[in-house]
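Examining the three-dimensional arrangement
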Amino acid sequence: MKIIILGSGTSTGVPMVGCSCPVCSSSNPRDRRSRASLLICHGEKYILIDTSTDLRSQMLRESVPQIDAVLFTHAHADHVNGIDDLRGFHFLHRQVVPCYACPPTMERLQKGFGYIFHQDEGATHPPLLEPQPVNGPFELFGVPVIPIPLEHGAGVSCGYRIGSFAYLTDCSAIPAASLALLQGVATVVIDGLRWSSHPFHFNIEGAIAAMQQLQVRRTILTHLTHEVSHAEEHKLPSGVEFAYDGMVIDL
């Protein structure tokens, strides 16, 4: 199994429009961050986590030939507003793809993007996704998937564990029951927004502390803002690193 970090940036992306700070002006390609999303490559299957605002450019950059399933973490704009870019795959393959999300997220997706899930009378565009509300562990192409409920400020999001790997974006705390579901994980991609604190996201220190509690061997911080330069990676403890767009994780 191969994991690709499609996007490692926060909701504004980096560079942020109108900003000329050192990170937004950086020539380091690892400081150019599209909106957070992830691709799981398992055999000949491609599982997408979130349809980020930058989905089209991410798919082109990584030469992704198809999408076989989509997992959603939550319904915030930067994680779902690229959903229409799935149409190109449908034009080629004529497949309605299953998508998975916790019931509240699925409800918001169906309200906001109804045409993606059903074809209204007289409409010309066919549905692209088949909704599969998630209430517990499920299997996808022979791979067990464990949803991980997370706190996202006053709201919630859903991480996913696949074997010894977990993706925990957009979170500010991990409930005790979810910590139990994460016991034994070896590699985690986790929200580590910036050095300073934030009410809806782990900052770098908080994310590291949460992963140290789980004794995770490899922690990869994602959803990064323009307050974080990739060159600052040397400040991180052993076993912790910054995600970057196009990063490959072999499992």
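As shown above, the structure is provided for reference.
Cut-offs and rules
Residues numbered from 1 in each chain as written. Predicted model: local features only at pLDDT ≥ 70, side-chain atom pairs only at ≥ 80, totals over all residues. Heavy atoms only, no water. Helix = DSSP H or I, 4+ residues; strand = E, 2+ residues; numbered from the N terminus. Buried < 20%, exposed > 50% of the residue type's maximum accessible area, 1.4 Å probe, protein only. Contact = heavy atoms within 4.5 Å. Pairing = 2+ DSSP bridges. Arc of directions from axis to C-beta.

1. Focus: the environment of Asp-54
Structurally, the position occupied by Asp-54 is in the loop between strand E3 (45-49) and helix H1 (55-61). On the accessibility criterion, Asp-54 (17% relative accessible area) is buried. In sequence terms Asp-54 and Gly-13 are 41 residues apart; their C-alpha atoms lie 9.1 Å from each other. With residues near it in sequence (within four places) discarded, Asp-54 still touches Ser-34 and Arg-35.

2. Side note on the pairing of strand E8 (residues 143-152)
Across three bridges, the pairing between strand E7 (residues 138-140) and E8 is antiparallel. Note on E8: the bridge partner recorded for Leu-140 is Val-143. Taken together, E7 and the strand that follows it, E8, pair antiparallel across an intervening segment of two residues, in which Phe-141 is found at a positive phi of about 55°. Relative to strand E9 (residues 155-162), E8 runs antiparallel, the two being bridged by seven bridges. Counted as the bridge partner of Glu-151 is Val-156 from E9. Taking the residues that link successive antiparallel strands as the turn, the E8-E9 hairpin has two residues, and the phi of Gly-153 there is positive, at about 65°.

3. Looking at helix H4 (residues 103-112)
Helical geometry note: an α-helix holds 3.6 residues per turn, so side chains three or four residues apart project in the same direction. Among the residues of H4, Thr-105, Met-106 and Leu-109 are the ones counted as buried. The buried residues of H4 occupy an angular sector of 100° when projected down its axis, which confines them to one face. Buried residues along H4 sit against helix H2 (77-80), strand E5 (97-101), helix H5 (114-117) and strand E6 (129-133).

Everything listed is a geometric property; what it means functionally is a separate question.
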